[in-house]
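Structural characterization, general
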Amino acid sequence: MSDNIYNTLCEKVRESLKDEYDIRDIRVHVTEKNNGVSQKGIVIRAEGCQLMPCIYPDNDFIQNYENLTEEEIDRYAAIFADNFRKCLKNNVEGQTFIDFTFETVKDKVILSLVNLERNRERLESCPYIIFNDLAITFRVYYDINVDSGSVLIDNRIIDYWGVSVEELWNHAIENMTREYPAVIERLDSFISNICNLTYDQDDNEIFAEDMLFDDKCPLYMLTNNKMFYGATAMLYKDVLSDVYNRIGTDYYILPSSINELIVVSKEECDDTEYLKSMVKEINIGVVSEIDYLSDSIYFYDHEQGKVSVVA
């Protein structure tokens, strides 16, 4: 993407905000996301404000930036400026301060599951726990007015807090279980309930319908109530045994994305090569690179009470 467009946006955003804020810094910033994906946005710092939001463009901007007219660039600049105002809406005389001590944010610490191999470089700078071929990482969830998101907890943050990985885990699993309870539901019912739509590739949510809606091989969705890092639901206490009780057999877990998992009974389908090909098909044709979790499939053994990668 042309830096000239972003530089132009920066200047137009600065112009839009100059009568309200003393903008000390506004620049293009590249953030490394999950699986090594980089995302470009604009960081804005105003005098007296500790908060420095990074505002990212939407998909429409990314897809059409080469053909934007001057009027359209002005429109996006206005959107960026308005998003900055929303972030600082609760200021008192332009002062925005964030208390980032552990005592203040411990109830906002959450979990995320990521692919271990694809994130090895990033994992070098943050605390994590290995789970099969995945890594459990920790984030701080934040909610600013109508916007929300999360920040990866890196080694600098954990050193500042002076807490152990075990402490992070204990708080995060408690917070996730409380704020994002697990959801176990037939996949066809789940999709019908939340969308009532027929998916296609343009929606980036196709699920190979002939496989998913076959009553001879019913599939289940395992996620959380907000589908926010929902793959972590399989880490919750008793959830895997709850799934076992729901379907009555040991089962395979198929990683649909970082936000949800698909469960299929071993008695209904024990063809692991077929299941692996199904996961790869979904990952290649549907799942965005940033939401990708794994091409592996996993097996839950009720007697052992554990999940393992299927060789």
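Throughout, a residue's number is its position along its own chain's written sequence, starting from 1. The predicted origin of the model limits local features to residues at a pLDDT of at least 70 and limits the giving and counting of side-chain atom pairs to 80 or more, whereas totals for whole chains, interfaces and linings rest on all residues. Heavy atoms throughout the structure, all of them, feed into the side-chain values; hydrogens and water do not.

1. What to know about the sheet that holds strand S11 (residues 260–265)
A sheet is described by the order of its strands in space; here 6 strands give the open sequence S8-S9-S11-S10-S12-S13, paired in antiparallel fashion. Bordering the open sheet on either side are strand S8 (182–186) and strand S13 (306–309), each of which pairs with just one other strand. Strand-to-strand twist across the sheet, computed as the mean angle between neighbouring axes with direction ignored, equals 30°. By the convention used here, strands pair only if DSSP detects at least 2 bridges between them. Helix and strand labels come from DSSP, where a helix needs a run of H or I of at least four residues and a strand needs a run of E of at least two; each type is numbered from the N terminus. Pairing of S8 with strand S9 (residues 219–224) involves 5 bridges; the strand directions are antiparallel. Its bridge partner being in S9, alanine 182 is matched across the sheet by asparagine 224. The angle between two axes is taken between their N-to-C directions and runs from 0 to 180 degrees, where each axis is a line fitted to C-alpha atoms and a helix contributes only its stretch in contact.

2. Brief notes about the environment of phenylalanine 61
Structurally, phenylalanine 61 is set in helix H2 (residues 59–64). For the pair phenylalanine 61 and isoleucine 73, spaced 12 residues apart in the sequence, the C-alpha separation amounts to 9.3 Å.

3. As for the pairing of S11
To sort residues, take the accessible area from a 1.4 Å probe on protein chains only and compare it with the maximum for the residue type: under 20% means buried, over 50% means exposed, and anything in between is partly exposed. Buried residues dominate S11, accounting for 6 of its 6 residues. The two faces of S11 match: Glu260, Ile262 and Val264 on one face and Leu261, Val263 and Ser265 on the other face are all buried. Taken together, the 4 bridges between S9 and S11 define a ladder with antiparallel strand orientation. By the bridge assignment, methionine 221 is partnered in S11 with isoleucine 262. Alignment of strand S10 (residues 251–257) against S11, held across 6 bridges, turns out to be antiparallel. Residue pairing across strands places tyrosine 252 opposite valine 264, the latter belonging to S11.

4. Quick look at the sheet that holds strand S1 (residues 23–32)
Taking strand neighbours across the sheet as the criterion, the 3 strands line up as S1-S2-S3 in an open arrangement whose pairing is antiparallel. Each edge of the open sheet is held by one strand with a lone partner, namely S1 and strand S3 (54–55). Judged from the 2 bridges that link them, strand S2 (residues 38–46) and S3 form a sheet pairing that is antiparallel. The partner of isoleucine 42 across the bridge, within S3, is isoleucine 55.

5. Comments concerning the pattern of salt bridges
Here a salt bridge means any side-chain nitrogen of Lys or Arg lying within 4 Å of a carboxyl oxygen belonging to Asp or Glu. The final tally for this structure, using the stated rule, is 14 salt bridges. Note that glutamate 15 and lysine 18 form a salt bridge whose closest N and O atoms lie 2.8 Å from each other. Judged by its relative accessible area of 47%, glutamate 15 is partly exposed. Connected through shared salt-bridge partners, Lys12, Glu70 and Asp74 make up one network.

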